[in-house]
Amino acid sequence: MKRLFTLSALLMAFVLGMSAQEKKGWLFYEGLSEETVANLNADAANWASNGAEDDGTVYNWKNAVNQGADGYWMANGQVIEELRGLRIDIGKNKDNSIHLQTVRANGTAGKMRLTRKNTKIHFPKLANGQTITIEGRSANGDATNRGIAPVQDYIQFLPEESSPQTNGACIFLGSKVEGSLGTYTFKWKIVTESTDSVDVTFNLTPDAGIDFNYFMIDNGDAPDVEEAQPVAYIYNGDLDSDYAYIYLSGASEKFALTEINTAETTATADSLQQFMAVVVSPTIGADDPYLSTIKQAMAYVPMLNFNPNLYEALGYGKAVKTDQPLLRVLDPENDIFEGVQVEEAEEGVFVLELLTDGGATGVELGDYFANDKIVATLPFGDAEVTAIHMHNAKRNAYMLLPLTLDDMLVANQDNISQLIPQALSTVLMTKKEVTAVSTPVITPKFLNGETEVSITAANSVAIYYTLDGTEPTTASTRYTEPFTLTEAKTVKAFATGDGYTDSKVAEKDIIIMVQAQQPQIAVQREQGKSIVTLSAAEQGVNTYFSFNGKSDSGDMQLYTEPIELTETATITAVAEGGDYLPSNVLTQFIGIDGLDKNTIRLDTLAHFDANETDWFINDTENGGEGKVSAYYFWGKTAWNYYSTELDHEETVKDSEGNDSIVYFYKPDPEALKVITPLNANGWQLKSRGQVFTGELQLKPETTVGNGRTGRYADEAADLIDLPSTGVFTFGAKVSGEPYTGSIETTDKLQAPFDVVVICGNGNGSGHGVLEIQVSADGENWTKLDTLKMAKTQRYIKRTRVSYEGNDQVYVRVAQTAGGTKAQVYDIIVKNNGELSQQYSEEAAGISTVQPEGSIVRTEVFTLGGMRVAGKAQGVTIVRRTYANGAVTTQKVVK
C-alpha cells in the first residue's frame, strides 16, 4: 500500500509544475479576480480609477508609476496575480502607463493596455523550442504604426501562425484603417543553442498604445492531461466493493491514486493539500474520527465526496433518502456529464439514470453550502433535494456525487463508470494554490465630531477587529456593518476566508475631526470695482473659492490674497485643512459700484462657439480634411500670403556697411479664404495663409486646474462664464509671413458693449498672441486688448474688455504674433438689454416674489447673462413669468 509521506516531495514538485516559468498564460480577457479588484480599489494612490459603471463600480484602473523595472506589479501591497510571472517596465516617460480592465457589467471582456514609448515586456526563463503568442488590438482606431518587436535575436517570428503583417512588422492596425483585422495574433519561437533558460524581451513601438487580450507561453497554464494526477483516496475498510475506487483505479492514465486508510493514517489536512484532489470514499462513515480532518481540508484542496450521509456529522446539512433513481440534471452541459447518457424527458427537462433500482440519497444543504451551484436534484414529495452540487466551483472545488456503497450495487454501471472519473477530473481542474485572504481595507468616513469606519476584505467570509490596540482573533468583535467612533482609536482587523489562509492584520489610527467654521468675507467697494477678502477662523485652515458654484476644494482656487472684481459675480467659498472637515459653503453675490440696470451688460448680443452642428463642414474643395474630433479647415499646410508680383524694393545697409537690396512683394488677392458655418450664426473664419483646426467635440473642464494636466481653468475668475464644448486652434503659417487668421462677425454690432473671450494655450510658453479688435469697415482694425493666456499648457483664461463707442462695428479675434496653437472656445459680445434691465443688486439676480396663476414662460441664463437652452452644470439663473405678469428669478446650482 502506498504511503502519503513517501511521496510528499514528488507530489510537491508536481503541484509547483515542471516548467521553469511561474506562469505560462496571462488571459487578460477573463478580467480580474475579486481579490485583485479589491486591492486596486484600496490602492488609489497608485491605481487611479479610469472607468466606472453607472452605479459607480470601477472596472478600469490606470497606473503611471513604474513598478515593473525590478519586480512584479503590486496593488495594496500584494502581487497582482494576473501579472505574476511578467515584468512590465513602462520606463520613466510621463505619458507611459499601464491599464487593467476587468470584465464589465455588459459583458465587455477584460484587457491590459500599455502605452507609449520605451515600454518593455519581459518573459523570464524560456527554453529552446518554447513559443510565445500575443493577441491584441490598437488602442486607437486610426493608428497605423502601433506594434511590438522582440529585442533578442534568438526570438524567431512565425508568420504562418500569425495574423497578416504590415511592411513585415508586427503592427496592430487600428480598427478603422482600411484592411485592418481589428484583433491581431502574433507568435514567436525561441531558437537557441543555450542549455540554460533565456529571458525574452519585447519593445513597444514609440507611439504604441495597445490593448492586449492575452500572452501565452506554449499552450498556457492548462494542466497536462497526459500526466497522471496525484489523488488521495480516503477510505476505511475494504475497497473490493467500492466501485468508485475500482473505476478510478481503472483510469490510471489520468489518476495516480494514493490510498489513505483512516484507521491507520496520521495525514493532516495540510498534507492533503499536496495532492491535486482528494476523494472521500463511500466507505467513510459519519462516526469516522478522521472526518474532522476531511472537514479541515475542504475548500483547500479539490474534493469529491460520494457519501451524502456525512453531511449531518459535518454540520453542513442532512441526508434525505428518496425513492427516485433518476437525477434531474439542471446543467446538462457540465463537464461531468461528458460521455454520459443524459436524456431530455420533456422540453427543457433533462434526466440521468443513476440507479437501476430503489432510490438515491440526496441532501438538504445547510448554510455553508447555501449558495452553491446545484448541478442535479432528486424529486422528494412535492419538492426537490440536492443530488450533485459544487462548492467554490472555480477554486479547489468540493463536489458531492451521491453514491453510497448500497447504491453502487444497483447503480447504472454504464453511467457511473463515466460519471465518477469525469466528476474527479472536473474538481481536479480547479486546483489552485492556497493563498491568504486580502488584507482588510479600513476606510474612515469623517463626520463632524465622529468617524464612521467600514472594513472590507476580498474573498473573506468574516472580518474581526479590535479597538484597544490588541491583536484581533476570531474571539474578537466580528465586523457586520460600519460603526461610529466619537474618540480616536486604533482599529486592527484581520479576515478569514473559505479556502484561504487568514489575512495579515491591518491597522489604522482613526482620528476624530470637526467641521471648520464657515469663511468670513469682507467686501471693500470702490467706484468700478469691489475687493473681496476671505479669512478662516482657525489656524492651519485654508480657504478656497470659485465663481461657478463649485464647492469641492480640489476644483476651486486657493485664496492667497484679496480678490479684485470689476464685474458682478457670485462667490462660493469653503474652509478646510489640517484636522478640520470642510466648512459649510459660503455663497455671496458681489455687486460693483457704478453697475446698475442701466449700465450693466448681461444680454448676449453675439456668441461664437466651436460647435459641431455649425462648423463640421465638408470643405474638401478647399483642402479641408479630418473628422469631427479634429477637422483641418483648408488642410494641414499653410499657404502664401504674398504673391510673386513685386511691390517695391529698398536699399539698406548690411552689417558690414554694404548696400543690400530688399524686395517687397504684394499680397496675393487670391490668398483670402473664408469659412462660413452650416447654419448662419453671425460668425466666420478668415485667413490669408494661416491654417485652422476645429476640435469640435472637445469638452473642457469647468474646474480650476491646480496643476493637473488637462483643459482646466487657470483661475476661478476664468469660470465666471463657462467654456462651451469645442475649440478652434490657430495653426501654422508660412515662415517669414504674417499671421492672418481671425474669427470675426459677419455683421456690425451696435456699441457700446463688452467682449468676453475664453481662450486656451495649446503650446505652453510658445503660444500665439491673440487680440480683440473692432472695425467700422471690416478692413481697418483697432485693437481693444490682448487676450490673457495661461502659462500652463492647455489651461484656459477668460478676458473681458469694453468698447464704449456709440457706432456699429465688426468684432474679431485675430492672431498678431507668437507661436501656434492659441485656442478659442467662446467669443461673447454683451450689451445692456432686456435681461440687464431686470438687474437689481438688492435682489442679486436671485429675488423671490409671490406670483399668481400658471407659469407662461421659463428662461435660463448664466450668471453672466447669456441665455442657454436648459439648466447647465454650475450656477444658472432661471426666470419664470406668471399669468398675472409677475416675474421671478432664481439661482439654481446643478
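Residues numbered from 1 in each chain as written. Predicted model: local features only at pLDDT ≥ 70, side-chain atom pairs only at ≥ 80, totals over all residues. Heavy atoms only, no water.

Student: Explain the overall build of the protein chain to me, using residue names and the numbers behind them.
Tutor: Looking only at helices and strands, one finds 10 helices and 64 strands in the protein chain. Its C-alpha atoms put the protein chain at 115 × 75 × 55 Å along the principal axes. Within the protein chain, the proportion of its 894 residues that are buried is 49%. In the protein chain, once contacts between residues fewer than 6 apart in sequence are set aside, the share between residues at least 24 apart is 71%. Just so you have it, the protein chain exposes about 41800 Å², and 45% of that area is on carbon and sulfur atoms. Within the protein chain, one finds 71 positive and 118 negative side-chain charges whose respective centroids are separated by 7 Å. (Helix = DSSP H or I, 4+ residues; strand = E, 2+ residues; numbered from the N terminus. Buried < 20%, exposed > 50% of the residue type's maximum accessible area, 1.4 Å probe, protein only. Contact = heavy atoms within 4.5 Å. Areas by Shrake-Rupley, 256 points an atom, 1.4 Å probe, with all protein chains shown as cover. Lys, Arg positive; Asp, Glu negative; His and termini not counted. Charge placed at Lys NZ, Arg CZ, Asp CG, Glu CD.)

Student: Any details on the confidence of the model for the protein chain? Residues and values, ideally.
Tutor: Interpreting fine coordinate detail is not advised for predicted regions of low pLDDT. Of the residues in the protein chain, 90% reach a pLDDT of 70 or more, and the chain-wide mean stands at 88. Confidence, expressed as mean pLDDT per element, reaches its minimum in the protein chain at helix α1 (residues 8-16) with 32 and its maximum at strand β30 (residues 462-466) with 98. Note on residues 1-20: pLDDT under 50 across the span, and 33 contacts to partners over four residues away in sequence or across chains. Overall, residues 845-850 carries pLDDT values under 50, and its contacts beyond four positions in sequence, including any with other chains, amount to 10 contacts. (pLDDT = per-residue confidence, 0-100.)

Student: Run through the packing of aromatic side chains, naming residues and quoting values.
Tutor: By the definition in use, this model includes 43 aromatic pairs. Ring plane angle 80 degrees and centroid distance 6.3 Å describe the contact between F172 and Y184, whose orientation is recorded as edge-to-face. Highlighted residues: F172 in the loop between β12 (155-157) and β13 (184-190) and Y184 in strand β13, separated in sequence by 12 residues. For the pair F172 and Y184, one class covers both residues: buried. Measuring from ring centre to ring centre gives 6.4 Å for Y465 and Y479, while their planes differ by 70 degrees; the resulting arrangement is edge-to-face. With Y465 in strand β30 and Y479 in the loop between β31 (477-478) and β32 (483-485), this residue pair connects regions lying 14 residues apart in the sequence. An aromatic cluster is defined as three or more aromatic residues linked by ring pairs; in this entry it consists of W26, F28, F123, F157, F172, Y184, F186, W188, F202, F212 and F215. (Phe/Tyr/Trp six-rings, centres within 6.5 Å; stacked < 30°, edge-to-face > 60°.)

Student: How would you explain unusual backbone geometry if you had to name every residue and give the values?
Tutor: The omega torsion across A751 and P752 is 5 degrees, close enough to zero to call that bond cis. Position of P752 among the secondary structure elements: in the loop between β54 (749-750) and β55 (753-761). The phi torsion at A299 lies on the positive side, around 80 degrees, for a residue other than glycine. Tracing the backbone through its elements, the reader meets A299 in the loop between α5 (291-297) and β19 (303-305). You can call A299 buried: its relative accessible area is 3%.

Student: So what's going on with the pairing of strand β18 (residues 277-280)? Which residues, and what values?
Tutor: Residue alternation in β18 divides its side chains into two sets, A277 and V279 and V278 and V280, and both sets are buried. The sheet contact formed by strand β16 (residues 229-235) and β18 spans four bridges and is parallel. The residue bridging I234 from the neighbouring strand is V280, located in β18. Where β18 and β19 come together, three bridges link them in parallel fashion. When the sheet's bridge partners are listed, V279 is paired in β19 with L304. After leaving β18, the chain enters α5 and then returns to the sheet as β19, a path that is right-handed. (Pairing = 2+ DSSP bridges. Right-handed = clockwise from strand over helix to strand, strands pointing away.)

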